[in-house]
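# Fold and contact review
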Amino acid sequence: MLAGCGPQRSVDRVESAGQSGTDEDMKPKPAELTIWADDNAEKLAALKGITAKYTEQTGIPVNITPIAMNDQPQALSLDGPAGKGPDLFYQPGIGSLSVQGLVQPLKVSEEDTAKFTKETLEALSYDGKLYGLPFVVETYALLYNKELVPDAPKTIAELEQLAGKMTNAGSDEYGFLYDATNFYYSWAFTGGSGGYIFKETDTGFDINDIGLNQAGSVKGLSLIQSWFEKGYLPKGVNGDIVGGLFNEGKVGAVINGPWAITDHKAQLGDKLAVAALPVMEDGTHPQSFIGVKGWMLSAYSKNPEWATDLAVFLTNAESSMAWFKATGEMPAHLDALNDPVLVNDPLVAGFSEQIQYGKPFPNVAELTHVWDPMANALKFASEGEDVQTVLDEAVVQIQDKIKMAGAQ
């Protein structure tokens, strides 16, 4: 399903201890294993159920510490050296974790890695080494209210027609809404217009070739700006506003991910539907980001073999399906992803289709320097500033940040 997304480089795969190894491979059982999980009450409850089964099978208690994903790297850099860090922690891709020395390579078998696509493994790899196992694969798509929008718009022109027909800002009613100053979402229209972040090469990405102020990116941001100018999107719109108005039945369609399904389903019931993002004017598809969240092996773990064993268990088909049923998040494990429960679920099918047109995040540490400058560029464009100018300024800021970080 993810085939053909981004450059493919080999990942080290070594025979491992753990679920795919033998008893002789394993060191003595630790008194407990500690994992850091995102601090969401419902998800923590689901995770406790999964880890309880691991404890039943191995006798090893699993201590779950809730820490927001965005806060985990900094917390690990402080707690890890002091011996207070986790064995595994939960992150959306490798990012700069390897460069910071916060992770160590996993030793897992070919049998285990064969349960995931090359792209999802690559998202948790750096310089050919695998540091985590994929748990959730995600992208965003078009969520719509069938009572207001019987058929999903298939083109940007149809989406704009919907906005023109339904939008009444005075009553907080809109044809479509999304968090447009969030680069994560708006990238779909920038990438779909031919833009790029870092130029792809045969071996990865050229961080010195930034395409965010080139023609395709300018075209994509100009489209987004036009939605603000026409009043289709209100200035200052954010994710909370989008979700709240959609739940109230005041918005025909929104752009969001599978993580929002549980909440919207509770409010909208069978009125909720999902479709791929509408096609661009030239027939190309919006290029949504494909994200991979996985369990990373901490560089400070004193029990890497058993932590790896736990990572294999957390990401196996049974655990992945339990997580999907509890959270609605799409599993990365191929056996789970092809389970009839998912294949026959129309809400999942919309995301599955959009994934075909998506693209993984550039797997370089320098991506961290892109988000804030692009958020500013989107905000300034939404307020009517010249698109080329704000993108030129964003690229200069990105280049400066990369230089300050010590890149060559």
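Anything mentioned here points back to the structure above.
The structure reproduced in this document is the subject of the present report. (Residues numbered from 1 in each chain as written. Predicted model: local features only at pLDDT ≥ 70, side-chain atom pairs only at ≥ 80, totals over all residues. Heavy atoms only, no water.)

In this section: the packing of helix H15 (residues 371-382) against helix H16 (residues 387-404). In the contact formed by H15 and H16, the axes pass within 9 Å of each other and the chain directions differ by 165 degrees. Taken together, the axis directions place H15 and H16 in an arrangement best described as roughly antiparallel. When the axes of H15 and H16 are compared, the crossing they make is right-handed. Together, Pro 373, Met 374, Asn 376, Ala 377, Phe 380 and Ala 381 of H15 and Val 390, Leu 391, Ala 394, Gln 397, Ile 398 and Lys 401 of H16 make up the contact between the two elements. Residue classes in the contact of H15 with H16 are distributed as nine nonpolar, two polar and one charged. (Axes fitted to C-alpha atoms, helices over the stretch in contact; angles between N-to-C directions. Helix = DSSP H or I, 4+ residues; strand = E, 2+ residues; numbered from the N terminus. Parallel < 35°, antiparallel > 145°, perpendicular 65-115°, else oblique. Left-handed = near helix turned anticlockwise from the far one by under 90°. Contact = heavy atoms within 4.5 Å. Nonpolar A, V, L, I, M, F, W, Y, C, P; charged D, E, K, R; others polar.)

Let us now look at unusual backbone geometry. Despite not being glycine, Asp 127 has its phi angle at roughly 55 degrees, a positive value. Examined against the element boundaries, Asp 127 turns out to sit in the loop between strand E4 (125-126) and strand E5 (129-130). Residue Asp 127 is classed as exposed on the basis of its relative accessible area of 69%. The backbone of Asp 172 sits at a positive phi, close to 60 degrees, despite the residue not being glycine. By the secondary structure assignment, Asp 172 is in the loop between helix H5 (156-166) and strand E8 (174-177). Judged by its relative accessible area of 37%, Asp 172 falls in the partly exposed class. (Buried < 20%, exposed > 50% of the residue type's maximum accessible area, 1.4 Å probe, protein only.)

For the rest of this paragraph, the subject is the sheet that holds strand E11 (residues 251-256). Either a parallel or an antiparallel arrangement is found when strands of a sheet pair, and the pairing is made through backbone hydrogen bonds. Strands sit in the order E8-E11-E7-E12 across an open sheet of four strands; the sheet is mixed. In this open sheet, the two strands that pair with only one neighbour each are E8 and strand E12 (272-275). Neighbour to neighbour, the strand axes of the sheet diverge by 20 degrees on average, direction disregarded. Judged from the three bridges that link them, E8 and E11 form a sheet pairing that is parallel. For Leu 177, the partnering residue across the bridge sits in E11 and is Val 254. Strands in contact with helix H8 (residues 239-247) are strand E7 (141-145), E8, E11 and E12; relative to E11, the strand with the most contacts, it is inclined by about 140 degrees. Sitting on the sheet, helix H9 (residues 261-268) touches E7, E11 and E12, and the angle it makes with E12 is about 140 degrees. (Pairing = 2+ DSSP bridges.)

Along a regular strand, successive side chains alternate from one face of the sheet to the other. Neither face of strand E3 (residues 88-91) is left uncovered, since the one carrying Leu 88 and Tyr 90 and the one carrying Phe 89 and Gln 91 both have all their residues buried. One ladder, built from four bridges, connects E3 with strand E13 (residues 289-297); its direction is antiparallel. Pairing of Tyr 90 across the sheet is with Trp 295, part of E13.

The next point concerns the side chain of Ser 217. The topology assignment puts Ser 217 in helix H7 (residues 215-229). A polar atom in the side chain of Ser 217 sits 2.8 Å from the backbone oxygen of Gly 211. (Polar contact = N/O pair within 3.5 Å; in protein donor to acceptor, adjacent residues only side chain to side chain.)

On to the nonpolar core, then. Tyr 178, Leu 212 and Trp 227 are the most contacted members of the largest nonpolar core, which has 128 residues in total. Among all residues touching Leu 212, those that are not within four sequence positions of it are Phe 183, Trp 187, Tyr 196, Ile 197, Ser 217, Val 370, Met 374, Leu 391, Val 395 and Ile 398. (Core = buried A, V, L, I, M, F, W, Y, C linked by side-chain atoms within 4.5 Å.)

Read these as spatial facts, not as claims about activity.
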